[in-house]
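# Structural overview for review
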Amino acid sequence: MNRHIPVLLSELLEILNPIEGEDFADLTAGYGGHSEALLEKVGDKGSGYLFDKDSEAVKYLRHKFETNKNINIYQTDFADIDWDTDIPQVDIIIADIGVSSPQLDDTERGFSFKSDARLDMRMNQQQELDAYTVINTYSEKDLADIFYRYGEEHSSRRIAKAIANARKKAPIQSTVELADLIAGSTHNKTGKIHPATKCFQAIRIEVNQELDALEKLLQSAPKHLNAGGRLAIISFHSLEDRMVKQAFNKLCKPEKDEFGQNVSKPEYKSVTKKPIKGSEYDKSNPRARSAKLRVVEKIN
Ligand SMILES: C[S@@+](CC[C@H](N)C(=O)[O-])C[C@H]1O[C@@H](n2cnc3c(N)ncnc32)[C@H](O)[C@@H]1O
């Protein structure tokens, strides 16, 4: 059963051009679609290091690749990888950040308001912080800041106030309860997306500390590429894409001294001048619509 359709797969393979014998790390291996395709290209002489923090995904990956000796699977947050000891230098690093289809579709994971479930949203089922805790214990101000910063939600204060008032009577328990509360407290009822979509994205980012993890990845991963190695990141919203763009631009610029003179040549070059975008017409994979792929290469 294919539980998750990998986004931008052919584009990723074309731009990374994996060759036989190369080693790769997939930091968000999920249901193994990207890894499987990379493995096919690098063959028996290449190795894959697969990470995911979701125990369901890791269970699936272990089963999927159980007969393959060249695949190493870790249930780890990519923010916690000890790059000096956990894996060797590799030729390809990919990260397809965001949520998998099973996370969104399995009702009890509490990511979506399409069906009613306890507020959860944890990618790592073992962590303590969940959406219930965020919604019922964070201050009104902190909630407003999260909705504004991570959801770019303009009614952030009004929504946070409605939540703070509602939870005085009883804790807010479920996804649909929260979505209805948000919809009832905002004027934005005519847009293309449900009025709770941006806040749900913001809560998910907070629960999973997604931007902190991406920041750590952008700092450590490039250094662990072999010469000629490529780092590819697929992101799904503008906050992440901005972080990737800025970090890659910085990597590809020469270092300057205090007089503005170049003191060293850049160690990396950009492979995607502009991000490669997922198709908004991809009916088989609606997640692809907001996907953006950027790639940087370590110069020989
Ligand atoms: C979009 S899916 C990846 C799908 C995968 N490329 C495939 O082809 O099946 C994103 C995955 O990244 C995982 N993930 C997100 N943030 C993570 C992090 N900081 N550390 C480890 N895994 C993470 C999620 O649990 C999810 O399984």
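Refer to the structure above for everything that follows.
Here's what I pulled together on the structure shown here. This one's a predicted model, so the numbers in the text were calculated from it and none came from an experiment.

## Description of the packing of helix 1 (residues 9–16) against helix 2 (residues 33–42)
Remark: helix 1 packs on helix 2, axes separated minimally by 11 Å, with the N-to-C direction vectors making an angle of 40°. Classified by the angle between their axes, helix 1 and helix 2 sit oblique to one another. Helix-helix and strand crossings are classified by hand; for helix 1 and helix 2 the assignment is right-handed. Residues Leu 9, Leu 12, Leu 13 and Leu 16 of helix 1 touch helix 2, and the partners they reach there are Gly 33, His 34, Ala 37, Leu 38 and Lys 41. Classifying every residue of the contact of helix 1 with helix 2 by side-chain character gives six nonpolar, two polar and one charged.

## Structural notes on the site of the ligand
The environment of the ligand is made up of 24 residues, and the closest members are His 34, Asp 52, Phe 78, Asp 96 and Gln 103. Residue classes in the shell around the ligand are distributed as eight nonpolar, ten polar and six charged.

## Focus: the packing of aromatic side chains
Centre distance and the angle of the planes are the two values used to describe a pair of aromatic rings. If you walk through the whole model with that rule in mind, you get three aromatic pairs. Aromatic side chains Tyr 31 and Tyr 60 sit 4.9 Å apart centroid to centroid with 55° between the ring planes, which places their arrangement in the tilted category. A residue pair is termed long-range when its members are at least 10 positions apart, and Tyr 31 in the loop between strand 1 (24–26) and helix 2 and Tyr 60 in helix 3 (residues 55–64) qualify at 29 residues. Ring centres 4.8 Å apart and planes at 15° place the aromatic pair Phe 51 and Tyr 74 in the stacked group. A residue pair is termed long-range when its members are at least 10 positions apart, and Phe 51 in strand 2 (residues 48–52) and Tyr 74 in strand 3 (residues 71–75) qualify at 23 residues. For Tyr 74, a relative accessible area of 25% gives the class partly exposed. When the ring centre of Tyr 132 is taken as reference, the NZ or CZ atom of Arg 118 above it lies at 4.6 Å.

## Here we look at the pattern of salt bridges
Following the criterion strictly, the structure yields twelve salt bridges and no others. Notably, a salt bridge pairs Glu 22 with Arg 230, separated by 2.9 Å at the nearest N-O pair. Of the two residues, Glu 22 sits in the loop between helix 1 and strand 1 while Arg 230 sits in strand 5 (residues 225–235), which places them 208 residues apart along the sequence. Judged on exposure class, the residue Glu 22 and its partner Arg 230 are both buried. A salt bridge links Arg 122 to Asp 120; the nearest nitrogen and oxygen atoms lie 2.8 Å apart. With respect to class, Arg 122 is no different from Asp 120; both count as buried. Beyond isolated ion pairs, a larger network of salt bridges with shared partners links Asp 241, Lys 292 and Arg 294.

About the thresholds
- Residues numbered from 1 in each chain as written.
- Predicted model: local features only at pLDDT ≥ 70, side-chain atom pairs only at ≥ 80, totals over all residues.
- Heavy atoms only, no water.
- Axes fitted to C-alpha atoms, helices over the stretch in contact; angles between N-to-C directions.
- Helix = DSSP H or I, 4+ residues; strand = E, 2+ residues; numbered from the N terminus.
- Parallel < 35°, antiparallel > 145°, perpendicular 65-115°, else oblique.
- Left-handed = near helix turned anticlockwise from the far one by under 90°.
- Contact = heavy atoms within 4.5 Å.
- Nonpolar A, V, L, I, M, F, W, Y, C, P; charged D, E, K, R; others polar.
- Near = heavy atom within 4 Å.
- Phe/Tyr/Trp six-rings, centres within 6.5 Å; stacked < 30°, edge-to-face > 60°.
- Buried < 20%, exposed > 50% of the residue type's maximum accessible area, 1.4 Å probe, protein only.
- Lys NZ or Arg CZ within 6 Å of the ring centre and 35° of its normal.
- Salt bridge = Lys/Arg side-chain N within 4 Å of Asp/Glu carboxyl O.

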